[in-house]
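# Topology and contacts: notes
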Amino acid sequence: MATDYGIDASFALATWAWETGHGTSELWLTNNNPAGITCGTEYCAYESKEQGLHAMFNLMSYYIRELNRCTVASVRELWSETEDAQQIVEIMEEIQNGLNKSSE
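For the structure given in this document, a descriptive report is provided here. Quick caveat: nothing in here was measured; it's all calculated off a predicted structure.

### Considering the state of the cysteines
Disulfide: a covalent bond formed between the sulfur atoms of two cysteine residues. All told, the structure shown has one disulfide when counted by the stated rule. The disulfide partner of Cys39 is Cys44, and the gap between their sulfur atoms is 1.8 Å. Its S-S torsion of about 115° marks the bond between Cys39 and Cys44 as right-handed, since a negative value means left-handed. Judged by its relative accessible area of 3%, Cys44 is buried.

Right, here's the structure in full:
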């Protein structure tokens, strides 16, 4: 999906991991919401995990392309109420390091 949307896969996976507690959050498990996406004042609920992931990628794409947010920090500044860009970067590094080890 990341490739289809032109989004860095490690950024997307790190965002999902952070926002869902590595897939354990109630919002992900019951509402298929992969990233704390809100609809007005409430969290959005999606019919399927795939639909929720498409919503996440659409939002990422909007921030990056339409709002010209080109760094993790600038995207997270709009995305999250907390300053969590460093945590996202650390997860991205873990993902990339894991990929490098698996290709050795």
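### Description of the packing of helix α4 (residues 49-66) against helix α5 (residues 72-79)
In a packed pair of helices, the relevant descriptors are the angle between the two axes and the axis-to-axis distance. Contact geometry for α4 and α5: axes closest at 10 Å, N-to-C directions at 115°. Crossing of α4 over α5 shows right-handed handedness. Counted together, Met56, Leu59, Met60, Tyr63 and Ile64 of α4 and Val75, Leu78 and Trp79 of α5 form the full contact between these two elements. In terms of residue class, the contact of α4 with α5 is built from eight nonpolar, no polar and no charged.

### Quick notes on the pattern of salt bridges
If charged atoms from side chains of opposite charge come close, those side chains can pair. The tally for this structure, following the rule as stated, stands at three salt bridges. Arg69 is the partner of Glu77 in a salt bridge, and the nearest nitrogen-oxygen pair spans 2.6 Å. Linking Asp84 and Arg76 is a salt bridge whose minimum nitrogen-to-oxygen distance equals 2.7 Å. Bridged by salt links that share partners, the residues Glu19, Arg76 and Asp84 form one connected network.

### Observations regarding the environment of Lys49
Locating Lys49 in the fold gives a position in helix α4. Linking Lys49 and Pro34, residues 15 residues apart in sequence, is a C-alpha distance of 7.7 Å. Sequence-distant contacts of Lys49, that is, excluding residues within four places in its chain, are made with Trp28, Leu29 and Asn32. There is a polar contact of 2.8 Å between the side chain of Lys49 and the backbone oxygen of Trp28.

### Here we look at α4
Owing to its 3.6 residues per turn, the α-helix aligns residues three or four sequence positions apart on the same side. Compared with an ideal rise of 1.5 Å per residue, which puts 18 residues at 26 Å, α4 spans 25 Å between its outermost C-alpha atoms and is within 8% of the ideal. Burial in α4 covers these residues: Gly52, Ala55, Met56, Phe57, Met60, Ser61 and Tyr63. Asn68 occupies a position one or two residues after α4 and carries a positive phi of about 55°.

What counts, and where the lines are drawn
Residues numbered from 1 in each chain as written. Predicted model: local features only at pLDDT ≥ 70, side-chain atom pairs only at ≥ 80, totals over all residues. Heavy atoms only, no water. Disulfide = S-S within 2.5 Å. Buried < 20%, exposed > 50% of the residue type's maximum accessible area, 1.4 Å probe, protein only. Axes fitted to C-alpha atoms, helices over the stretch in contact; angles between N-to-C directions. Helix = DSSP H or I, 4+ residues; strand = E, 2+ residues; numbered from the N terminus. Left-handed = near helix turned anticlockwise from the far one by under 90°. Contact = heavy atoms within 4.5 Å. Nonpolar A, V, L, I, M, F, W, Y, C, P; charged D, E, K, R; others polar. Salt bridge = Lys/Arg side-chain N within 4 Å of Asp/Glu carboxyl O. Polar contact = N/O pair within 3.5 Å; in protein donor to acceptor, adjacent residues only side chain to side chain. Expected span 1.5 Å × (residues − 1).

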